[in-house]
Amino acid sequence: MSYDSVHGTTMFFPTFFTVMSSSSSSPAVLFLKPIFLHGFSASSHLVLLLVLSFYWACKRLTIPKHEGSTPGLKNIPFLYYRPALFACLSLFSFNLIFCALNYLFWCRNGWSNENIVTQLDFVLRTLAWFAISSFLHFQFHSIGLRFPILLRIWWGFYFLLSCSCLVIDVVSFEKHQFLPTQSWISDVVSVLSGLFFCYAGFFGKQRVDARLREPLLNGSNNRANGIEGPGNTIGRDSINPYSTANFLGILTFSWMGPLLAVGNKKTIDLEDVPQLATCDTVNRVFPVFRSKLESNGGNGGGSGAGRDQITTLKLVKALILSAWVEILLSGVLALIYTFASYAGPYLIDSFVQYLNSHHQHKSKGYMLVSMFFLSKLVECLSQRHWFFRLQQVGIKAHAGLVAMIYRKGLDLSNISRQGHTSGEIINFMSVDAGRIDDFGWYMHDLWLVPVQVALGLLILYKSLGLASIAALVATIIVMLANLPLGTLQEKFQMKLMGSKDQRMKATSEILKNMRILKLQGWEMKFLAKIVELRRAETGWLKKFVYTAAMTNSLYWGAPTFISVVTFVACMLLGIPLESGKILTALATFRVLQMPIYSLPDTISMVVQTKVSLDRIASFLRLDDLQADVVQKLPVGSSEIAIEIINGNFSWDPHSSILTLKEMNFHVYHGTRVAICGPVGSGKSSLLSCILGEMHKESGTVKLSGTKAYVAQSPWIQSGKIVENILFGKEMDIERYEKVLEACSLKRDLEILPFGDQTLIGERGINLSGGQKQRIQIARALYQDAEIYLFDDPFSAVDAHTGSHLFKECLLGHLGSKTVIYVTHQVEFLPSADLILVMRDGRVTQAGKYEEILSLGTDFMELVGAHKKALTAIDSMDCGTSSENLVTTKEEGNTGYSENAFQEEVEKRELINAKAEQIGQPEGQLVQAEEREKGRVDLSVYWKYITTAHKGALVPLILVAQIFFQLLQIASNYWMAWVTPVSKDVKPHVRGSTLIFVYVILALGSSLCVLARSMLTVTAGYKTATLLFNKIHLCIFRAPMSFFDSTPSGRILNRASTDQSAVDMSIPFQMGGIAFAMIRLLGIIAIMSQIAWQVCIVFIPIIAICMWYQVLPFGSLLCHDQNLKSICDIFLMLTRPIF
């Protein structure tokens, strides 16, 4: 305890002993006297010893000898158990040392009543902390969730007693009673240990091992035994280290240690990354964001009138409300960081006065140095946690927006979908939503910059008086000067994003039809169109980046401009410039550089974010599919599965032409309904209105039961065949086998190299048309829905396979289901319970096959046309068939039967499908995306910086930065050297000369920073243009096998997200690294000239920082988004070309 420690050491600190002796004779309150405090402390520790002894005796008598702690729980890691035990042993050693020193001193110099009480206090405290340590080590095997209540009460009492002693010491120090350094150390140790014990007592809980509560047949154990369950997901069994970390782990980010240790040994894979906490997953973030948006007047992108209410303001409000806790916490951390960052400039003048004082007290110097250190420590920790919280907010906002945009894309009406391609929607999710994520870094700058400026002006007013008003005026002028530049940036950003959308739309369409372009030899012509669109885009990009460079250079020179105005005002007002005030002002201007430097980026990011939010809000306001087209009835509530009453539908809600007119029919459960009619009669539209995808003008559509739809053109997703069939459902082996048998897929899977684990290329490129259609039918059958809608799927397969599918699927597997199928094949009509004949959007006939056949008219025309077509085909093929038959007889063959011939055709299709996969790595057509492992190679950086003009601009940029740094150092050194230490010292030069030289140096530094900014954006713009041209040339000249094995989304990511990073982010970040290194070298050079001993500290600190940052993060560097963008683009440039 600090106060006891101080008085326990009075015998070997004579100065302090004298002070206390003189103070003891003066009247004082009884409980503030040392003998009373020692007696009270000794009594408290004695009571603790008695209670612990009684507790131990009761435990020994009540617990049987054979009963031990619960197996499996005794060795469970208890939160703060080891640190608490270590702290108790440390306090035991600390008190034992002071007890021994006091005993040796008083044995030589005699004992007094106060000395006896003090020594008794130290003895009892030593015994008490030893008893607590023994209790924790030997007796504490509780299966509860916290430390015993006895320890928690004692630790709280100990903390209060330590704080009381610290307050008494502070009061004594304020009364000019000298206290040695050791007393302050004892105070800090006592208070910090008491604070730790209190936190451990309230928050120290038992960590229950998840394996003890895990079932024996859980997924992780199954996987350990080689069994893979159907519902396993990556990271499911990994415990989230952040949510289970203790206070010290969160404070120091040590919860990242296990992941960094893995990254130091091998490349981090997705399986190594722990799962997110529940509150951070998109399954939790998206519903919260959608509910906040709906409560603010928008309906979350749904249909109806609410869609028109989604505005940018309401979108921003929903984003803020969905993460307000993290935003508020990050704001508090930002405020703490701001106050801590200004503690140094505030104390500089006091430190200079202390160094120039003739009567120096070491305690005051130690106090100032400690305050400098603590303020920097608080500044560092608060800034790291501030940034961490900002990243959390940004990632949550990004996840919520991407989920909202994706859902909106699924709900778009047909008219809205025609105006927005997949490339534009990808831009919304990658570029615009990513911009909202990036804005998280600048979120608090909107209010934090005025607070930082106000604090800086208060410090300047304390040092320079009325001259701070001039600094305020100069700051306002600088801020107002940015308004026209911000307006231009907003305009250029809007134009830039519009041009990017046009380019991405064209790129998406070209990639979809690349096979046709390759066959016709048109790829170079369409590449020229892409380059032309890019040229229009780069025109706006050039204007945008140069405007950003002007804004950046303006604000890099702003602190120098403010300092010049302030010092000129001091000279005109007659305010003396002393070295302490100058250093305080320069340090304040240096701290002000951060908000001033970040202000242009903040303004630019606000402009870009507003543009992105406007684009997202306008997309969310688009028309959706009508939500009330279909009335869904509970399953089993009616005998009718589908019913349409007086239905009138159209594809265009703004057109007066109806696609379907006067629809009236109902379908009972378990009924097979066939729809037939000529081309363009509305058969597929009828299925679409049942699905709810058409605009309903009038009428009622009722649906009872789940539905599955099979389109006329097969839709296949990139992935494994089994994933296409299951489509998110759990694996049921029996049902799966039946589906494969019904769809005739077993023979296909036997021939494919990996069976149902074979990867399907984009849009099913390595499958035949019949295989894709059968996989699509299998997917629908596996869903086990009540209602099935087939849009003539048998037209994509041959007659034999179509007949087999109709018999096995519709008549067999779906015999008890409600099936509606569109067909042009008359042979499938007799099996239907109801036939609907359509013409011009109306149902002209309805009934069974025999009934409507006898009525003639439309149905009779269809049957007659079908028979005529078959007769014509038979007559044309008669001669050819006879010749083939003669030939085969001459060769000694008996000829093929129809079934044998069909089997041969299917076999050839399967062999061809298999042949397409020969030569692919590991036998799969689509491979995982290539990723560089380990550190980013230096050749990547070298290629990037030498792309534009072979790197000729890089030396000029470095020279401009070096001159800027030298001029900054020279200006600060000039002001500190020529100004006097105090008023009594004569200045070295006149005031006019002082200001004139400073202005010349300031102008030189401003010109250097302007040149640096312009050269940086010039090099970045040129590099981005060259890389774009090269990568698109490689893509368009790549062989068709490249497009078969590479998903178009991967290529679109290179052309959108990665290209955007190369255009706007990477040049500034690459320059920032070089500029920071030059600044660091300049600081080290100056410090070594003033105090060379600093180099002794710099060298180990730099080595430790490099080891800590580079070594553990080596395998994580390629995961940085911007570095990944460079690597991906250079990897794309190495693709094979013709």
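What you see is a predicted model, and the numbers here were worked out from it, not measured in a lab.

Rules behind the numbers
- Residues numbered from 1 in each chain as written.
- Predicted model: local features only at pLDDT ≥ 70, side-chain atom pairs only at ≥ 80, totals over all residues.
- Heavy atoms only, no water.
- Disulfide = S-S within 2.5 Å.
- Buried < 20%, exposed > 50% of the residue type's maximum accessible area, 1.4 Å probe, protein only.
- Pairing = 2+ DSSP bridges.
- Helix = DSSP H or I, 4+ residues; strand = E, 2+ residues; numbered from the N terminus.
- Axes fitted to C-alpha atoms, helices over the stretch in contact; angles between N-to-C directions.
- Contact = heavy atoms within 4.5 Å.
- Core = buried A, V, L, I, M, F, W, Y, C linked by side-chain atoms within 4.5 Å.
- Phe/Tyr/Trp six-rings, centres within 6.5 Å; stacked < 30°, edge-to-face > 60°.
- Lys NZ or Arg CZ within 6 Å of the ring centre and 35° of its normal.
- Patch = residues over 30% accessible without salt bridge, like charges linked within 9 Å, V, L, I, M, F, W, Y side chains within 5 Å.
- Areas by Shrake-Rupley, 256 points an atom, 1.4 Å probe, with all protein chains shown as cover.
- Salt bridge = Lys/Arg side-chain N within 4 Å of Asp/Glu carboxyl O.

A. Structural detail: the state of the cysteines. Per the stated rule, a full pass over the model turns up zero disulfides. Take Cys809: it sits in no disulfide, and the sulfur closest to it among the cysteines is that of Cys743, at 4.0 Å. Using a relative accessible area of 1% as the deciding quantity, one classes Cys809 as buried.

B. Just the sheet that holds strand 6 (residues 707–710), in detail. An order of 6-9-10-4-11-12 is seen for the six strands of this open sheet, with the pairing classed as mixed. Across the chains shown, the open sheet's two edge strands, defined by having one partner strand only, are strand 6 and strand 12 (842–847). Ignoring which end each strand starts from, the neighbouring axes of this sheet average 15 degrees apart. Lying over the sheet, helix 25 (residues 683–691) contacts strand 4 (672–676), strand 6, strand 9 (787–791), strand 10 (818–822) and strand 11 (834–839), oriented at roughly 150 degrees with respect to strand 9. Against the sheet, helix 30 (residues 799–813) contacts strand 4, strand 9 and strand 10, and its axis sits at roughly 145 degrees relative to strand 10.

C. Representation of the nonpolar core. Formed by 45 residues in total, the largest nonpolar core has its most connected members in Ile725, Cys743, Ile777, Leu781, Phe790, Tyr821 and Ile835. In terms of residue count, helix 29 (residues 769–782) provides more of this core than any other element does, six residues in total. If sequence neighbours within four positions are ignored, Ile777 has contacts with Val710, Cys743, Phe790, Pro793, Phe794, Leu805 and Cys809. Grouped together as the second largest cluster of nonpolar side chains are 36 residues, Leu464, Tyr555, Cys570 and Ile575 included.

D. Up close: the pairing of strand 2 (residues 640–650). The buried fraction of strand 2 amounts to nine of the 11 residues, a majority that puts the element mostly inside the structure. Judged from the six bridges that link them, strand 2 and strand 3 (residues 660–668) form a sheet pairing that is antiparallel. What sits directly across from Glu643, in strand 3, is His666.

E. Spotlight on the packing of aromatic side chains. Under the criterion given, the structure shown has 22 aromatic pairs. Both rings, one in Trp155 and one in Phe197, keep their centres 4.8 Å apart while their planes meet at 15 degrees; by these two values the pair is stacked. Placement of Trp155 in helix 6 (residues 149–174) and of Phe197 in helix 7 (residues 181–203) is noted, with a sequence separation of 42 residues between them. Residue Trp155 is classed as buried on the basis of its relative accessible area of 0%. A relative accessible area of 0% means that Phe197 is categorised as buried. Seen in terms of ring centroids, Tyr788 and Phe790 are 6.2 Å apart; in terms of plane orientation they differ by 15 degrees. Their pairing is stacked. Among the aromatic residues, those joined into a cluster by ring pairs are Trp129, Trp155, Tyr158, Phe196 and Phe197. Directly above the ring of Trp540 sits Lys543, whose terminal nitrogen or CZ lies 4.5 Å from the centroid. The ring centre of Phe1075 lies 4.2 Å from the NZ or CZ of Arg1012, which sits over that ring.

F. Spotlight on unusual backbone geometry. In this structure, Glu662 is a non-glycine residue whose phi angle is positive, near 50 degrees. Mapped onto the elements, Glu662 comes out in strand 3. One non-glycine residue with positive phi stands out, namely Asp784, at about 55 degrees. Residue position: Asp784 is located in the loop between helix 29 and strand 9. Residue classification places Asp784 among the partly exposed positions, given a relative accessible area of 43%.

G. Representation of the environment of Arg152 within the structure. Following the sequence through the fold, Arg152 ends up in helix 6. Counting along the chain gives 49 residues from Arg152 to Gly201, while the straight-line C-alpha distance between them is 5.0 Å.

H. Highlighting a nonpolar patch on the surface. Judged by side-chain polarity, Tyr461, Leu466, Ile469, Val473, Ile477, Phe561 and Leu573 come together as a nonpolar surface patch covering roughly 690 Å² of accessible area. Listing elements by their share of the nonpolar patch, those giving two or more residues are helix 19 (467–481) and helix 23 (558–573). The leading source of residues in the nonpolar patch is helix 19, at three residues. Secondary-structure assignment places Leu466 in the loop between helix 18 (445–464) and helix 19.

Any functional reading would require information beyond the geometric quantities listed.
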